[in-house]
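Each chain is listed here by its residues.
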Amino acid sequence: MSSRVLIIAEHDGTKLNASTAKCVTCAQGIPGAQITIVVCAVDAAAVAAQAAQLSGVARVLCVENPANRHALAAVWAPQVLAIAAPFSHILGPSTTFGKDLMARIAGLLGAPQVSDIMAIESATRFRRPVYAGNAILTVESSGEGQLVGTVRTASFQAAAGGGAAPIEKAAVSVELPTHTRFVSVSAARSDRPDLQTARRVISGGRALGSAEGFRILYSLADKLGAAVGASRAAVDAGYAPNEMQVGQTGKIIAPELYVAVGISGAIQHLTGIKDARTIVAINKDGEAPIFEVADIGLVGDLFQIIPEIERLL
Amino acid sequence: MKRVLVGIKRVVDYNVRIRVKPDGSGVITDGVKMSVNPFDEIALEEALRIKERGLAEEVIVATVGPADCQQQLRTALAMGADRALHVQADGVVEPLVAARALLKLIEREQPLLVILGKQAIDDDNGQTGQVLAALWNRPQATYASKIELSAGTARVTREVDAGLETLDVDLPAVITTDLRLNEPRYVKLPDIMKAKKKPLETLTLGALGVEQRQQLKLVRFDPPPQRQKGIRVTDAAELLAALKSKGLL
Ligand SMILES: Cc1cc2nc3c(=O)[nH]c(=O)nc-3n(C[C@H](O)[C@H](O)[C@H](O)COP(=O)(O)OP(=O)(O)OC[C@H]3O[C@@H](n4cnc5c(N)ncnc54)[C@H](O)[C@@H]3O)c2cc1C
Ligand SMILES: Cc1cc2nc3c(=O)[nH]c(=O)nc-3n(C[C@H](O)[C@H](O)[C@H](O)COP(=O)(O)OP(=O)(O)OC[C@H]3O[C@@H](n4cnc5c(N)ncnc54)[C@H](O)[C@@H]3O)c2cc1C
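Residues numbered from 1 in each chain as written. Chains lettered and ligands numbered in written order. Predicted model: local features only at pLDDT ≥ 70, side-chain atom pairs only at ≥ 80, totals over all residues. Heavy atoms only, no water.

Caption draft 1: Here's a closer look at the site of ligand 2. Residue and element names in this part refer to chain B. Surrounding ligand 2, one finds 28 residues, the nearest of these being Lys9, Asp40, Val64, Val93 and Thr128. Contact between ligand 2 and Val64: a nitrogen atom at 2.6 Å from a main-chain N or O atom of the residue. Contact distances for ligand 2 include 2.7 Å between an oxygen atom and a backbone N or O atom of Gln127. Calculation on ligand 2 without its partners gives an accessible area of 920 Å², and the protein chains cover 87% of this total. Looking at the shell around ligand 2, the elements that each hand over two or more residues are strand 4 (58-65), helix 3 (95-109), strand 6 (113-117) and strand 12 (216-222). In terms of residue count, strand 4 provides more of the shell around ligand 2 than any other element does, three residues in total. Partitioning the shell around ligand 2 into residue classes produces 13 nonpolar, ten polar and five charged. (Near = heavy atom within 4 Å. Polar contact = N/O pair within 3.5 Å; in protein donor to acceptor, adjacent residues only side chain to side chain. Areas by Shrake-Rupley, 256 points an atom, 1.4 Å probe, with all protein chains shown as cover. Helix = DSSP H or I, 4+ residues; strand = E, 2+ residues; numbered from the N terminus. Nonpolar A, V, L, I, M, F, W, Y, C, P; charged D, E, K, R; others polar.)

This is the structure in C-alpha cells:
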C-alpha cells in the first residue's frame, strides 16, 4: 500500500525552517510514503532547492504568487487546497505557522486533523499528547478520505540532506481573499541559537526577578552556546519576551541539555520539555516539582550558583 | 445589533493532576473539578471589554456538548455575558462538528466578531477557530495578544514563534486568544445569582442540521513514559562534573 504525503514547507522566503525536515522524517514513518513538499512563496527557487536536498523527498512543488510573501493562512490554504486532491496525508509542523495553517486546510477539506503527531503506528494510526502531555492518545482514522496532521517537531529528528528531488512549478489559479493583511512582525533578532533547534537550553523562571536578572542567564548561555527560554510567569512579568516561553502554550522543545533555573516545574511547563535528553534543575526549594523530572538537581540560590558555574567553565 | 460570539468549552480544571484510567479508555473525570477552558475565559473577558468600550452591544456565549456544560455557561453569564446558547451533544464532538455547529449559530446571530480559545487544554487540538474561519470563509487571527477594533476591521497582534506579528482583518472575523491578551475578571457572588435569570437557550445538533460524525476513533489512552529518577548534587563544581561525565560538556 502506498500513501501520497504532501508536506507544507515552513520558510521565511529564503531559508527552509528545520521543522520541515522533521515533518519529512515523520512522513517516512507512513508505510510506502511518497513524499512531496510544496513551497508557497513569491519566488520559491531558493527554498525549493533546500527542500529538494532532503533525503526521502520524491518531488518539490512550487506555488508562486505575489500574495505569498507572508504566511497568511487564509491566503495559503486555498492554494494548497488546489493541489491537495491526489494526496492521502497533508502534513505541516506543529509550530505557530503550521497550527494556524493546517487546521484551516482541514476545514476547507472537511477532513479530520490529528494535531501534534508524536508517533506513527500505521497510515491510519497515530499517537499524540493530550491534557498537556499527561496522557498519550492513540487515534485512528477510517482510511477513507484525506487526513491532515501537524507534526510535533520535538518527536522527530531532521531528515538528512544529500537528496536531489525534481522541482516543478504548479500552476494554481484560485481567487485569493484580501480580507487578511499583514502589517508587521517584530522579531527580536538574537545571535543566540534558535530555541526550537538548540542542543542546549537554559530557561529562567519567576525567580530571576527582572529583565536585568535574566542577564546572568544570557551570559552563561553565551558561554555554553545555549539558547535561552523562560517560564510563563517570567514572560507574563515582562522579564523575557513571549517567543521565549517554553511549555504547553509556548514552545515544545527537545534539547540534549535543558537547565531550569528558578522554575518550579508546573505541569504546563514540563509539557514543553518532556523530550529533553537531560534536565538539570536549580532551585532553592528542594521540594519543587521540577526535581521530580530532573536528571540532575541542585538545591540552592541561583544568584550564587549561576555565576559560580560560569566562573568554573 | 453588534454582537460578539464567544466559544466556551468545559474542561478538566488546569490544576487537576490528570490520571489515565487503568483500562486506557480515557482519563479519570469522576469527581474531578471542571472549569471553563482558561483560553475561553480570556475570550469572554475580551468580548466584555469590547462591549464596555461601546464597540459591541451584546455578548453571546455558546457551547457544544453534554448537559453538564450548562454549568460553564452559567459561569460565563455570571462573568457578564448577556445570553447563552447550548448545543446539546453527547459523546465525542470533533473540532469539525463543533465548528459546523458554531457556524449555524453565526448564521443565526450575525456576530461582528467570534472569539474562541487558541486551544482547549484537554484535547489540545487547537483547531476549532481555524476550521470555523475556513467554513465561514472569513479571516482568522490566531494566538491574539492584543485586539484593536475600528470600523470594519480589527488589528490583531499575534504571538508567533518568531515574536509578535500584527495583522489587519476585515470584520466579521474569527480571533483565537493567547494567554497574555488580558486577565479575566473574578465572578462576584451577586453576579452568580443574577446569572440564573439570564437567558440560556438549548438547541440540538440535529435541529441545526449538523451531523455528529466522528472521523477519528479514540483507540487508547496511555500514561506518558516516566523519567528515570535523577541524582542530586551539592554545588556548582559537582554539577559540572556530572555533566562532563554524561558527555554533555
Ligand atoms: C492554561 C495554562 C497554560 C500555561 N502554559 C504555560 C507554559 O506554556 N509554560 C509555562 O512555563 N507555564 C505555563 N503556565 C503557567 C504554569 O502553571 C506556572 O504558573 C508557571 O510555569 C510558573 O512559572 P515559574 O516556575 O517561573 O514560577 P513559580 O512557580 O513562581 O516558581 C518559581 C521558582 O523559583 C524558585 N526560586 C525562587 N527564588 C530562587 C532563587 N533565588 N534561587 C533558586 N530558585 C529560586 C522557587 O522555589 C520556585 O520553585 C500555564 C498555565 C495555564 C493555566
Ligand atoms: C480524547 C477525547 C475525548 C473526548 N471526550 C468527549 C466527551 O466525553 N464528551 C464530549 O462532548 N466531547 C468529547 N470530546 C470532544 C472534545 O470535547 C472537543 O469538543 C473537540 O475535540 C474539539 O477539540 P478541542 O476542544 O481540542 O478544540 P480546540 O480546537 O482545541 O478548541 C479551541 C477553542 O474552540 C472552542 N471550542 C472547542 N470546542 C467547543 C465546543 N464543543 N463548544 C464551544 N466552543 C468550543 C473553544 O473556544 C476552544 O477554546 C473528546 C475529544 C477527545 C479528543
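Back to the write-up after that little detour.
Caption draft 2: A look at the site of ligand 1. Around ligand 1, 29 residues are found, and the nearest of them are Arg206, Ser231, Thr249, Ser264 and Asn283 of chain A. With respect to ligand 1, its neighbouring residues span chains A and B. Within the contact set of ligand 1, an oxygen atom lies 2.7 Å away from a side-chain nitrogen or oxygen of Asn283 of chain A. Here a nitrogen atom of ligand 1 and a backbone polar atom of Leu302 of chain A are 2.9 Å apart. Isolated, ligand 1 exposes 990 Å² of accessible area, and the fraction of that covered by the protein chains is 85%.

Caption draft 3: Quick peek at a nonpolar patch on the surface. Taken together, the side chains of Val187, Leu189 and Ile192 of chain B define a hydrophobic patch exposed on the protein surface, amounting to about 260 Å² of accessible area. Secondary-structure assignment places Val187 of chain B in the loop between strand 10 (173-177) and helix 5 (189-195). (Patch = residues over 30% accessible without salt bridge, like charges linked within 9 Å, V, L, I, M, F, W, Y side chains within 5 Å. Salt bridge = Lys/Arg side-chain N within 4 Å of Asp/Glu carboxyl O.)

Caption draft 4: Quick look at the interface of chain B and chain A. The interface of chain B with chain A comprises 73 residues on the first partner and 86 residues on the second. Broken down residue by residue, the surface that chain B buries against chain A is led by Asp161, Arg180 and Arg227 of chain B, which jointly contribute 12%. There are seven salt bridges connecting chain B and chain A. For the pair chain B and chain A, the interface holds 43 residue pairs in polar contact (both at pLDDT 80 or more). Of all the elements in the fold, those that place two or more residues in the side of chain B that touches chain A are helix 3, helix 4 (128-136), strand 7 (140-150), strand 8 (153-160), strand 9 (163-170), strand 12, strand 13 (231-233) and helix 7 (236-245) of chain B. For the side of chain B that touches chain A, the element with the most residues is strand 9 of chain B, which contributes eight residues. Of the pairings in the sheet, the one linking strand 11 (residues 180-186) of chain A to strand 9 of chain B comprises six bridges and is antiparallel in character. (Contact = heavy atoms within 4.5 Å. Buried area = accessible area lost by both parts, 1.4 Å probe. Pairing = 2+ DSSP bridges.)

Caption draft 5: Structural view of the pattern of salt bridges. All names here are of chain B. Applying the stated rule across the entire model yields 37 salt bridges over all chains. Of the charged contacts in the structure, one is a salt bridge between Glu109 and Arg3, with a shortest N-O distance of 3.8 Å. In this pair, Glu109 is assigned in helix 3 and Arg3 in strand 1 (residues 3-7), connecting sequence segments 106 residues apart. Note on Glu109: relative accessible area 5%, which makes it buried. With a shortest N-O distance of 2.8 Å, Glu45 and Arg185 are connected by a salt bridge. Placement of the pair is Glu45 in helix 1 (residues 38-52) and Arg185 in the loop between strand 10 and helix 5, with a sequence separation of 140 residues. Note on Glu45: relative accessible area 2%, which makes it buried. Looking at Arg185, the relative accessible area reads 28%, which means it is partly exposed. (Buried < 20%, exposed > 50% of the residue type's maximum accessible area, 1.4 Å probe, protein only.)

So far we have only geometry, and geometry alone does not tell us how the molecule works.
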